[in-house]
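So the chains spell out like this:
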Amino acid sequence: MADKKNSIKIKADKSKNSKLNAAALAELERRRNEKRIIGTETPFEVIEAYKALRTNIMFSLSKEKGCRTLVITSATSGEGKTTTSINIAISFAQTGAKVLLVDCDLRAPRVHKYLKITHEKGLSNVLAGFDKLDDCIVKTEQENLDCVVSGPVPPNPVELISSEAMKEFASSVEGKYDYVIFDTPPINIVTEAALLSKLATGVIMVARQKYTMFKMVERALNSLAFAEANVIGFILNDAIDDKYMYGTYRSSRGYGRYGRYGRYGKYGKYGYKSSYRYSESFEKAREASLREKENKPDGEKK
């Protein structure tokens, strides 16, 4: 009996240590990712790389009038899509243009973590009718850059993204900003990027050298072609050859190992299988919205 109790205790200790190790690794990965966001300590060649990228995007969309809406996606997870989206948004904001970054990954959101901003209200609140758009726009530390985070994880991400409310959201923000950037989930895993491409001026695919397989890219492009998306180009991260310099960042520490994005590769285990659960905060937001509507005088109810 004593041996059995000791065995149970050992298993419990191992489980506890495993959770602590996972938490430590997650925190380490978060800090590494933060270093990839453009800031005052970012190496010169990285900043110039994003300036070159920004110029290419501007030329690609030069014939478009009004707000330019970009969908940033990738074939699969682990290719550097979210940090690329953030850095593109920062780069455009540095020109004086008004930019809105929208986290459209309603299952495994990351933008709020990298920008260190609140996540209580966001896109899911707006699309579900719980909150007004203006209440969910967050000012970032970067001048001219606003952000709408994903908000609480909803039970029906695809339905929200494909809804009329999403079209109204896109139309509304286009009247307020020069550039709107949608950070979307990998297109080979879920359909949101293809759906949002119909609302976008252009789509940019992010790939990673020695990680993204050709068949993955081919499948992603077929999905975008079926959606009649305007794919304006690719961004190659973690490139080895110097001629691909604006995807490499090899010459600076912190950027040279851009490829170690791979922990995000457990994307399928974070809500894209049967184990997916929406957050309690989304349910609380729904209940609060219903109470607010019930407490309004009859004349104010819609």
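In case you missed it, the structure is sitting above this.
Residue positions are given per chain, counting from 1 as you read along its sequence in written order. Only residues with pLDDT of at least 70 get local features here, since the model is predicted, and only at 80 or more are side-chain atom pairs given and counted; chain-wide, interface and lining totals rely on the full set of residues. The side-chain numbers reported here are obtained from all heavy atoms of the structure, hydrogens and water having been left aside.

**Focus: the packing of aromatic side chains**
1) Next: Stacked, edge-to-face and tilted labels apply to pairs of Phe, Tyr and Trp rings (six-membered ring for Trp) whose centres lie within 6.5 Å, assigned for plane angles under 30 degrees, over 60, and everything in between, in that order. Going through the model one piece at a time under the given rule, you end up with 1 aromatic pair.
2) Next: The ring of Tyr177 is capped by Lys98, whose NZ or CZ atom sits 5.6 Å from the centre of that ring. For a Lys NZ or an Arg CZ to count as sitting over a ring, it must be within 6 Å of the ring centre and within 35 degrees of the ring normal.

**Observations regarding the pairing of strand β4 (residues 145-148)**
1) Next: Only protein chains enter the accessibility calculation, which uses a 1.4 Å probe; a residue is then buried when its area is under 20% of its type maximum, exposed when over 50%, and partly exposed in between. Strands here mean DSSP runs of E at least two residues long; helices mean DSSP runs of H or I at least four residues long; both are numbered from the N terminus. Here β4 shows a buried face lined by Leu145 and Cys147 and a second buried face lined by Asp146 and Val148.
2) Next: In this sheet, β4 lies alongside strand β2 (residues 99-103) in parallel orientation, the contact comprising 4 bridges. Counted as the bridge partner of Val102 is Val148 from β4.
3) Next: A strand pair is defined by DSSP finding two or more bridges across the two strands. Note: strand β3 (residues 138-139) against β4, 2 bridges, orientation antiparallel. Paired with Lys139 across the strands is Asp146, a residue of β4.
4) Next: Joining the antiparallel neighbours β3 and β4 is a turn of 5 residues, in which Asn144 adopts a positive phi near 75°.

**Section: the packing of helix α2 (residues 44-60) against helix α3 (residues 81-93)**
1) Next: At a closest axis distance of 10 Å, the pairing of α2 and α3 adopts a crossing angle of 80°. Taken as axis vectors, α2 and α3 run roughly perpendicular relative to one another. Note on element contacts: α3 touches α2 through Thr83, Thr84, Asn87, Ile88, Ser91 and Phe92, opposite Tyr50, Lys51, Leu53, Arg54, Ile57 and Met58.
2) Next: Classifying every residue of the contact of α2 with α3 by side-chain character gives 6 nonpolar, 4 polar and 2 charged. Axis definition: a line fitted to C-alpha atoms, over the contacting stretch in the case of helices. Angles run 0 to 180 degrees between N-to-C directions. Reported orientations rely on four angle classes, namely roughly parallel under 35 degrees, roughly antiparallel over 145, roughly perpendicular from 65 to 115, and oblique for the rest. Any two residues whose heavy atoms approach within 4.5 Å are treated as being in contact. Residues are grouped as follows: Ala, Val, Leu, Ile, Met, Phe, Trp, Tyr, Cys and Pro are nonpolar; Asp, Glu, Lys and Arg are charged; every other residue, Gly included, is polar.

**Focus: the sheet that holds β4**
1) Next: Ordered by their spatial adjacency, 7 strands build an open sheet running β3-β4-β2-β5-β1-β6-β7, and the pairing between neighbours is mixed. Of all the strands in the sheet, the pair left with one neighbour each is β3 and β7 (231-237).
2) Next: Packed onto the sheet, helix α7 (residues 164-174) meets β1 (68-74), β2, β4 and β5 (179-183) and runs at close to 145° relative to β5.
3) Next: Sheet strands touched by helix α9 (residues 214-226): β6 (202-208) and β7. Its angle to β7, the strand with the most contacts, is close to 155°.

**Looking at the environment of Leu199**
1) Next: Mapped onto the elements of the fold, Leu199 is located in the loop between α8 (192-197) and β6.
2) Next: When the C-alpha positions of Leu199 and Thr69 are compared, they lie 7.6 Å apart, and in sequence the two are 130 residues distant.
3) Next: For Leu199, the contacting residues outside a window of four places in its chain are Thr69, Met166, Lys167, Ala170 and Glu174.

**Here we look at the side chain of Thr140**
1) Next: Positionally, Thr140 belongs in the loop between β3 and β4.
2) Next: The definition of a polar contact used here is a pair of N or O atoms within 3.5 Å, where within protein one atom must be able to donate a hydrogen and the other to accept one, and adjacent residues in sequence count solely through side-chain atom pairs. A polar contact is formed between the side chain of Thr140 and the backbone oxygen of Gln142, at a distance of 3.2 Å.
3) Next: Engagement of the side chain of Thr140 in a polar contact is seen with the backbone oxygen of Leu145, the distance being 2.7 Å.
4) Next: What Thr140 contacts, discounting residues up to four positions off in sequence, is Leu115, Leu145, Asp146 and Cys147.

**Side note on unusual backbone geometry**
1) Next: For Lys116, which is not glycine, the phi torsion reads 55° and is therefore positive.
2) Next: Along the chain, Lys116 turns up in the loop between α4 (111-115) and α5 (123-128).
3) Next: Although it is not a glycine, Glu228 sits at a positive phi angle of roughly 60°.
4) Next: In this structure, Glu228 sits in the loop between α9 and β7.

**Some remarks on the pattern of salt bridges**
1) Next: Salt bridges, as used here, are contacts in which a Lys or Arg side-chain nitrogen is within 4 Å of a carboxyl oxygen on Asp or Glu. Taken as a whole, this structure holds 7 salt bridges when the rule is applied.
2) Next: Note that Glu48 is salt-bridged to Lys51, the shortest N-O span being 3.4 Å. Of this pair, Glu48 and Lys51 both sit in helix α2, 3 residues apart, roughly one helical turn.
3) Next: Taking the relative accessible area as the measure of exposure, Glu48 reaches 30% and is therefore partly exposed.
4) Next: In this structure, Lys139 engages Asp146 in a salt bridge whose closest nitrogen and oxygen atoms are separated by 3.6 Å.
5) Next: Lys139 sits in the exposed class, given a relative accessible area of 65%.

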